[in-house]
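# Close look at the chain arrangement
Here is how the chains run, residue by residue.
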Amino acid sequence: VTIDLRFLQFPTKKYNMTVIDAPGHRDLIKNMITGASQADAAVLFSSAKKGEFEAGIGAGGQTREHAFLAFTLGIRQIIVAINKMDDASVNWSKDRYDEMKNEISRMLRTIGYKIEKINFIPVSGWTGDNLLKKSEKMPWY
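Description of the structure in this document.

## Observations concerning the nonpolar core
- In terms of nonpolar packing, the biggest core is built from 28 residues, with Ile-104 and Leu-108 touching the most fellow members.
- Sorting the residues of this core by element identifies helix H1 (29-36), helix H2 (52-57), helix H3 (62-72), strand S4 (77-83) and helix H4 (94-111) as the ones contributing at least two each.
- The biggest single contributor to this core is H4, with six residues.
- Leave out the neighbours within four places in its chain, and Ile-104 touches Ser-46, Phe-53, Ile-57, Val-80 and Phe-120.

## Let's talk about the sheet that holds S4
- Ordered by their spatial adjacency, three strands build an open sheet running S3-S4-S5, and the pairing between neighbours is parallel. Only two strands of the sheet have a single partner each, and these edge strands are strand S3 (41-47) and strand S5 (119-122). The sheet shows a mean angle of 20° between the axes of neighbouring strands, taken without regard to direction.
- In terms of strand pairing, S4 meets S5 through four bridges, oriented parallel. Across the sheet, residue Ile-79 finds its bridge partner in S5, namely Asn-119.
- Against the sheet, H4 touches S3, S4 and S5, its axis set at about 150° to S5.

## Here's the deal with H3
- Within H3, burial applies to Gln-62, Thr-63, His-66, Ala-67, Leu-69, Ala-70 and Phe-71.
- Of the residues flanking the end of H3, it is Gly-74, one or two places downstream, whose phi is positive at about 95°.

## Focus on the packing of aromatic side chains
- If you walk through the whole model with that rule in mind, you get three aromatic pairs.
- With 5.0 Å between their ring centres and 70° between their planes, Phe-71 and Tyr-113 make a pair best called edge-to-face. One end of the pair, Phe-71, is in helix H3; the other, Tyr-113, is in the loop between H4 and S5, and 42 residues separate them in sequence.
- The class of Phe-71 is buried, set by a relative accessible area of 19%.
- Considering the side-chain rings of Tyr-97 and Trp-140, the 5.2 Å spacing of their centres and the 45° angle between planes classify their relative orientation as tilted. One end of the pair, Tyr-97, is in helix H4; the other, Trp-140, is in the segment after S5, with 43 residues separating them in the sequence.
- Ring pairs connect the aromatic residues Tyr-97, Trp-140 and Tyr-141, which therefore count as one cluster.
- Of note, Arg-76 hangs over the ring of Phe-71, and the distance from its end group to the ring centre comes to 3.6 Å.

## Focus: the pairing of S4
- With five of its seven residues buried, S4 lies for the most part within the structure.
- Note that S3 and S4 share seven bridges and pair parallel. Across the sheet, the residue bridging to Ala-42 is Ile-78, located in S4.

Definitions and cut-offs
- Residues numbered from 1 in each chain as written.
- Predicted model: local features only at pLDDT ≥ 70, side-chain atom pairs only at ≥ 80, totals over all residues.
- Heavy atoms only, no water.
- Core = buried A, V, L, I, M, F, W, Y, C linked by side-chain atoms within 4.5 Å.
- Buried < 20%, exposed > 50% of the residue type's maximum accessible area, 1.4 Å probe, protein only.
- Helix = DSSP H or I, 4+ residues; strand = E, 2+ residues; numbered from the N terminus.
- Contact = heavy atoms within 4.5 Å.
- Pairing = 2+ DSSP bridges.
- Axes fitted to C-alpha atoms, helices over the stretch in contact; angles between N-to-C directions.
- Phe/Tyr/Trp six-rings, centres within 6.5 Å; stacked < 30°, edge-to-face > 60°.
- Lys NZ or Arg CZ within 6 Å of the ring centre and 35° of its normal.

Structure follows, in structure tokens:
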């Protein structure tokens, strides 16, 4: 669980990048705002686990709140990582990915994001699938 901001810098041939890991928990929203206020782009993580996604995307949910705050802070470049694809309630399902992509797209469009400029990536932080290399468990992606 992330409590405070964590910064990781790494250079590329074209840019110097800084990754800011900000907390997602409701009690630590001030820290999330501090981190997001320094960002040019964001990765919005959403849990694919049954029940967790629905709570996050619903009224007052953290996924919804973070997307809204990021937009309010001027972040227009985002990637959506659909995480926990390894969970037993998901089992690497393309149907679950599609369901989530559609619901998140609808929410982001309402906030003001241009959906055609957003990449959605199914991932598993637990197993590392689709984080560094293409996953063999999701050949449909």
